[in-house]
Structures are given as structure tokens and as C-alpha cells.
Number of protein chains: 2
Amino acid sequence: MEMNERKKGILKAVINEYILTAEPIGSRTISKKYDLNVSSATIRNEMADLEDLGYLQQPHTSAGRIPSDKGYRFYVDSLIDVEKIPQSFEEMVRKKYLDRKKEVQDIVQVTSRMLSHLTRYTALVASPSSPEYFFQHLQLVPLEGKKVAVIVVISSGIVQHQTVTLQNRPSRQELEYISRLINDRLQGLPLGKIGNEIFRDLEKDLRDRTIFRELYKSLVEFLSDEGISQEWGKIHLDGATNILEQPEFSDLEKVKVFLKLFEQEEMLKQLLNKIPSQGLKVVIGKEVPLEEIRDCSLVVADYSFQDKTVGKMAILGPTRMNYPKVMATVNFMAEGLSKVLREED
Amino acid sequence: MEMNERKKGILKAVINEYILTAEPIGSRTISKKYDLNVSSATIRNEMADLEDLGYLQQPHTSAGRIPSDKGYRFYVDSLIDVEKIPQSFEEMVRKKYLDRKKEVQDIVQVTSRMLSHLTRYTALVASPSSPEYFFQHLQLVPLEGKKVAVIVVISSGIVQHQTVTLQNRPSRQELEYISRLINDRLQGLPLGKIGNEIFRDLEKDLRDRTIFRELYKSLVEFLSDEGISQEWGKIHLDGATNILEQPEFSDLEKVKVFLKLFEQEEMLKQLLNKIPSQGLKVVIGKEVPLEEIRDCSLVVADYSFQDKTVGKMAILGPTRMNYPKVMATVNFMAEGLSKVLREED
DNA sequence: CTTAGCACTCTAACAACCCGAGTGCTAACA
DNA sequence: TGTTAGCACTCGGGTTGTTAGAGTGCTAAG
């Protein structure tokens, strides 16, 4: 026994209906609502076959069928009608992007908000991160007392700053000298290369090394993983509470697990990282690389900057998710974000 | 009929017990667990009186009593034993503060996290905001193409930056000239005063005004409410999911309302602002100035910087909250935060 | 191969019931 | 006059029994 057109039609009908109602679907429902020109008895036989094939399952005898993970997989791979993004969405999105400050973090945040609003599921957007950042410019600004603002400009116009308290109050000249020294030496270097060798190399030219040491240390520290990539890879989450609208989350225990997860950013980061980048990807149920949410699905897409993939975004929802709509939306938003970043450049 | 010592003792016992168990408390429970040297029948009479006085209420006949808002009020004002913060807490908190980067936003975030962990309720911490910030220093750093990083240092060493894309690529000299001009004029001015008069005043001295205009505009924009006070007044929330552990939130609808609220930062800001600053304040049930959470309580404290109140923190939990513990913790953390900010200075 | 018919299964909803915790009242007692 | 033991009464929550309905699988006929 194998898949034929009628079986496909029935499977598609069952899944569509189940996505809508979240209730097990019986043969009569299908025969009434969908014009398949066969009786409910025939559908019954076909559904039994589909169950044998592993595409459907029964919560218990004498209930309708619900799709299995395998069923969803087949649906997503072979049965889905690609949905078109309505004009109104496109305009709404463009508008939202326009009246926003142009900081990358803001853009990412807006993106996650729109994603969750449009889909009514939970949205995750990782802000751009790239191992290929390089150093552009350092600026040291003396503050009150012994404090100095260390401001670093990285490629693509990313600016980061940090306040450092030194042992002694530095003079303006010292700071200028040190910043010139560092700028001359580091300009254009990839961040990964900025380490201790250069430090020793630079130190030779100095009379007073203590200030330099303190500053350089803080510089290295926050150009390293803890500093930059903390910001730039950060996960923006939105619409966490949308899951509460889903009937599969009427169980408080489940909700708890879910929301607890959302409070652990590190987990989410890993989750996204474990999914290979490749355009639009759907991860269904047991395929999800995280124990706690094995009855959910992810629709993931990556976005790019300067022709390189720099980040990912995802929708997280129940396996019974409106895949056509979500896939279209995620795809659209990923392209949109790439475009906005390009224009920013 | 009025309050006497025995009534107070019984009220206190009932509330303590209710805080522990979240179940209506009967007269027998009290007579067994607390050494009041009277029989359950007497307690029964007293409890009836306490109900007449409005301190207790019955969910239904033939159930125990639970405290009313008025009861909690009396308890908090007159019956509470002040709790001592354990040594281990203090050390833990000190440690947490130490191994942290010294950015204000980080400190605030750590504070909210600790608060929610220590109390097991939801913590809100508003980051410091003050109308009394003044301008210290502007730095313009040219980036790629037509982009310029605008970096502003404000009093107390707060640094903010923003990227601006100009119409034309500016020369380094132009930027230096403009920044010197602005720095000379604005240094020491309160942020509120930086507006259009100064703009026109400055403009006179310029040959090419377009670049100046663009930069000044962006400067004003993000020194205004939208910019600075967006960051500095920002609410850090932690432990939202802690409420799920509370039996009063076994109802999904309630949880929904609550979590939705947490997604609206503006609401939370207003909520805190509506509560007058004055050391440690407890807001109970119907006193809470926000419809949706009328069956919750807030314990609010303010913290200071340079002897001025600059922000607030709060614990939000069910009215059946462990007031002694929460009040002690919030008070302790508010003082702790003030101290850390002072040391930072 | 399809379909009508039918017996069978299982759950969700509802009603009836009981149990226990807790109260208020009364009457006796110190 | 305040305290306490005793007792009848109340009410909610849990358990059990029953039923209606939706859905199935199988059989036999078209």
C-alpha cells in the first residue's frame, strides 16, 4: 500500500481541518466539508490506511484522527499551497520600519514584534552577529573623576561603549596618546586577533603603563565574546503570551515549562544555533533539538547583511501550526529585514 | 466592639497561616497550631467579630476565614515582625554586584534578577531617571560613507550613542568644528534646556548649515524624552513566571491578564509612577492603581543617587504575599542598589 | 472498489451522592 | 460575664453511575 492522490487529498484535508479546530477529525467531517466525491466510509478506509502508514494517529479508539509528526512533515514538504502575503501586510511592515530609529537593536526588536503580531505565535529574532567584525575606531572620553568612557566603532558602523574606572585620574593628553596608539595599530583588524601579543607589542612605546593596561584590558574584554557577541546575537523575543491562546496550552504545567524556557536566553540562542541555516526551514515536533518543547514546531529563516548570513529568526508554536501562513510570513520578514539592513548600509 | 490584644493575636495567626497555606483558615487550626490558650470556640467567636470589623472574610459559609484587604493593611501596619536579612543573602548580593560590568543597565538588571530570586515573586526595577541630567560632552565619529556616530556623555558618566546617516559625506574637519561648537555652548546645560533657541543661536556661526542641522536635530531628538528617558526609566522585569507557582494563579485567564500586562512596559512604568515615593511602601489589593491586578499587592521602595531619589523597585505578588520577608528584602535591595550606585560614582 | 448499515467503543458531560471541614448557636460552667 | 463543650446545619469538592454522541471497523450488497 502506498500514497495515492486521494490519500494525499484526505491527509491534506485532515491537517487543514485540524489546524483550524484543534479537535480530532472524523471521516464524516471530511466528507461533508471537502468535495472529495467519496463517502465517509471510503474516507474511513483511507484514513485507516494513512494511520498504518504513520501519517495520522488516533488519540483513542472512537475518536477522530490527528496528524502525526510524520504527517506534518509530509504536509509541509509536499502538500502545502504557498500563501501570498497580503498587500496590507507589506505596507504595514514598510511603515513600521520607516518610523523607527535606525539602531540595529531597534530594528530587530520591531521585527520580532511584527512577526509575533502577524502570526499570533511566539517570535524569536537573533540580532546580527558575525565573526567577521573588525576594529575601526577607538575613542576615549574622560568623565568625572577617574572614569573614562571607552567607545569603540566596529565595522558596519556598530558602536559600543563602556565606562571604566581607573586607578588614577588620567590627563587628556594621556588618553589622546593612548587612543592614537591603539587606533594606529588596531585599525582594520578582525576582532578575534586583538589579544595579548599586540598588547605587549604596544606596551613598549609607553612611559606610564598602568593606565594603558587598564584600558586595554577593558577593551579586550568587551571586544571578546562576553562583550560584543552578548549584544550581537542577543535574542529578541515577542508574543510569549500568544501561546496561551492555543488550546494545547490549556495545561498550566506546559505553560510553565514554556515560559521558564523563555527566561533563559542562553537556551534560546543554542536552540537557534542548532538549526542549520538554509533559507526557510521547518522543524517539527520530535525534530526540535530541545527536550522541553518536543510538541512544538519551529519555522526558521536566516537573514543576511552584505551577502552573508548574520542572523536567524523563528516562529515557535504548537505542531498544529498554520504552516502556510507562518512560512510565508517568516520568509517575508527575513527578506524584509535583510533589505532594511542593506539600505541602512 | 473594638480591637483588643487577643483579636490582634488571632488576626496575625490567621494571616500568617493563610500566607503559608493559601487555604481558608478554621478556628481549630488556629487553636491547635498557635498557643493562644483559648479553645476553638472562643476563637470562633473572635473570628466572627473580626469579620464584622472587616478584617476577615468568608469565601462561603462553612469554610474558614481569609484576610480581607483591610486585614492585610492592619497586619502590615501594626502586626508585622520585621524580618532580618540572613547573612548569606548579604554575601550573595555583594558577590553578584562585584563580578558584574559596571554599566548602570547591567546593575539594574542584576538587581531585578536577585529580587525575584530572593522573593520568588515578580520583580520590577525602574532604571535611574532624573530630570536633572546635564550635558557633558559630544563626540562625533565618522563611520563608513555618510554615517556618523553621535556619542553623548551626560552627567554621572552616562554615555549614549546613535548612528546618523547624513545627506553628504562629512569631512573630519567639519565634524570637529561642529562638535567643538556644540560642546562649548552646551557644556553643563540641563538636558531640558537644549532646544531650538540654542540651535538658531549656534547656526549663525556656520558656513555649511545642512550637516549641522541634521546632526543637531538628531542630538535634540535623542536627548529628549524619547531618547534618554526611554533608556533611563526603563523597567527591568524578572521572575514573571514565578506567579505561576502561586495557587491564586491556577486560573489561566488570570495568568493571561498578568503576562499580557508584563509585555506592556509603558503600563508598568505608569504603575510605578503612580505610587508616591517614600521609603518603603506597601500597596494592597484594591489600593493598586491598576484595574487588572486588583487582587495583587506591591511592595515598593525607591533608591537614590547623589542623595536624590532616582528610581523605584517593586515586588508584585498576590495579596497573600509573605510581607515580612518581601518588605525586608525590597528594603535591603533598595539600600544595596543605592550603595552600589554611590560607589560607582 | 465503493458504500450503506450496524454493532461496538470510548469520552465528555451531567446528576446524584457522600464526606468532611467548618460554622453558629445553645446551654452549662467558672 | 466570659469561656467552652456539644451539636445541628451548611456547603463545596470529590466520587460514582449513567447517558448521549461522535466516531470507528466490519460486513455484505451494489
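Here the residue numbers are simple positions, counted from 1 along each chain's written sequence. Chain letters and ligand numbers both follow the written order, the letters beginning at A and the numbers at 1. Given that this is a predicted model, residues contribute local features only at a pLDDT of at least 70 and side-chain atom pairs are listed and counted only at 80 or more, while totals for whole chains, interfaces and linings are drawn from all residues. By convention in this description, side-chain values take in all heavy atoms of the structure and omit both hydrogens and water.

Description of the sheet that holds strand S4 (residues 135–142) of chain B
Residue and element names in this part refer to chain B. Here, strands pair whenever DSSP counts at least two bridges between them. Segments assigned H or I by DSSP are reported as helices when at least four residues long, segments assigned E as strands when at least two residues long, and all are numbered from the N terminus. Spatial ordering of the open sheet is given by S4-S5-S6, a layout of 3 strands whose pairing is antiparallel. The two strands at the open ends of the sheet, each matched to only one other strand, are S4 and strand S6 (158–165). Direction aside, neighbouring strands of the sheet carry axes that sit 20° apart on average. As defined by bridge partners, strand S5 (residues 147–154) adjoins S6 across 8 bridges and the pair is classed as antiparallel. The partner of Val 148 across the bridge, within S6, is Val 164. On the sheet, helix H7 (residues 172–186) packs against S4 and S5 and is oriented at approximately 175° with respect to S4. Angles run from 0 to 180 degrees between N-to-C directions of axes, and those axes are lines fitted to C-alpha atoms, restricted for helices to the stretch in contact. In this analysis, two residues are considered to be in contact whenever any of their non-hydrogen atoms come within 4.5 Å of each other.

Quick look at the pattern of salt bridges
Any Lys or Arg side-chain nitrogen located within 4 Å of an Asp or Glu carboxyl oxygen qualifies as a salt bridge. The final tally for this structure, using the stated rule, is 33 salt bridges over all chains. B:Lys260 serves as the salt-bridge partner of A:Glu245, at 3.1 Å between the closest nitrogen and oxygen. Taken together, the residues A:Glu245 in the loop between strand S7 (235–238) and helix H11 (252–262) and B:Lys260 in helix H11 (residues 252–262) connect one chain to another. A salt bridge links B:Lys286 to B:Asp69; the nearest nitrogen and oxygen atoms lie 3.2 Å apart. Residue B:Lys286 is found in the loop between strand S8 (280–284) and strand S9 (296–305), and its partner B:Asp69 is found in helix H4 (residues 69–79); the two are separated by 217 residues along the sequence.

Some thoughts on the protein's contact with DNA strand D
Proximity criterion: a residue is near a molecule or strand once any of its heavy atoms comes within 4 Å of it. Lining the immediate environment of DNA strand D, one finds 18 residues, of which A:Ser27, A:Arg65, B:Arg6, B:Thr42 and B:Ser62 sit closest. Between DNA strand D and A:Ser27 there is a distance of 2.8 Å, counted from a phosphate oxygen to a side-chain nitrogen or oxygen. Between N or O atoms, a polar contact is any pair within 3.5 Å; within protein, one atom must be a potential hydrogen donor and the other a potential acceptor, and residues adjacent in sequence are included only when both atoms are from side chains. Between DNA strand D and A:Arg65, the relevant distance is 2.9 Å, taken from a phosphate oxygen to a side-chain nitrogen or oxygen of the residue. When contributions to the surface near DNA strand D are tallied by element, the ones reaching two or more residues are helix H3 (40–52) of chain A together with helix H3 (40–52) of chain B. Among the elements that make up the surface near DNA strand D, the one with the highest residue count is H3(B) (4 residues). Note on residue categories: nonpolar means Ala, Val, Leu, Ile, Met, Phe, Trp, Tyr, Cys or Pro, charged means Asp, Glu, Lys or Arg, and polar means any other residue, Gly included. For the surface near DNA strand D, the class distribution of residues is 4 nonpolar, 10 polar and 4 charged.

A word on the pairing of strand S3 (residues 122–126) of chain A
Residues and elements named next belong to chain A. Each residue gets one of three labels from its accessible area relative to the maximum for its type: buried under 20%, exposed over 50%, partly exposed in between, using a 1.4 Å probe on protein chains only. The buried fraction of S3 amounts to 5 of the 5 residues, a majority that puts the element mostly inside the structure. Of the two faces of S3, the one holding Thr 122, Leu 124 and Ala 126 and the one holding Ala 123 and Val 125 are both buried throughout. Strand direction decides the pairing type here: S3 and strand S10 (residues 308–318), joined by 4 bridges, are antiparallel. The residue of S10 that forms the bridge with Leu 124 is Ala 314. In the sheet, S3 pairs with S7 via 4 bridges, with the strands oriented antiparallel. Counted as the bridge partner of Leu 124 is Leu 237 from S7.

Some details on the domain arrangement of chain A
Residue and element names in this part refer to chain A. Start and end positions for the domains come from either an automated domain assignment or a database one. Examined at the domain level, chain A breaks down into domain 1 (5–79), domain 2 (87–130 + 234–344) and domain 3 (135–230). One C-alpha centre belongs to domain 1, the other to domain 2; they are set 29 Å apart. Listed per partner, the contact involves 8 residues of domain 1 and 14 residues of domain 2. Surface buried jointly by domain 1 and domain 2 totals about 960 Å² across both partners, of which 64% is contributed by carbon and sulfur atoms. By the criterion of area lost to domain 2, the three top residues of domain 1 are Ile 19, Asp 69 and Arg 73, representing 51% of everything that side buries. Inspection of the domain 1/domain 2 interface yields 2 salt bridges. Those elements that place two or more of their residues in the side of domain 1 that touches domain 2 are helix H1 (5–21) and helix H4 (69–79). Reported buried area values correspond to the accessible surface (1.4 Å probe) lost by two parts on association, with both partners' losses combined.

Thoughts on the sheet that holds strand S6 (residues 158–165) of chain A
Residue and element names in this part refer to chain A. Read from one edge to the other, the open sheet built from 3 strands follows the order S4-S5-S6, with strand pairing classed as antiparallel. This sheet does not close on itself; its edge strands, each paired only once, are strand S4 (135–142) and S6. Sheet twist, expressed as the average angle between the axes of neighbouring strands with direction ignored, equals 20°. Relative to strand S5 (residues 147–154), S4 runs antiparallel, the two sharing 7 bridges. Looking at S5, one finds that Gln 139 is bridged to Ile 151. On the sheet, helix H7 (residues 172–186) packs against S4 and S5 and is oriented at approximately 175° with respect to S4. Its contacts with the sheet put helix H9 (residues 209–223) on S4, S5 and S6, and the angle it makes with S5 is roughly 45°.

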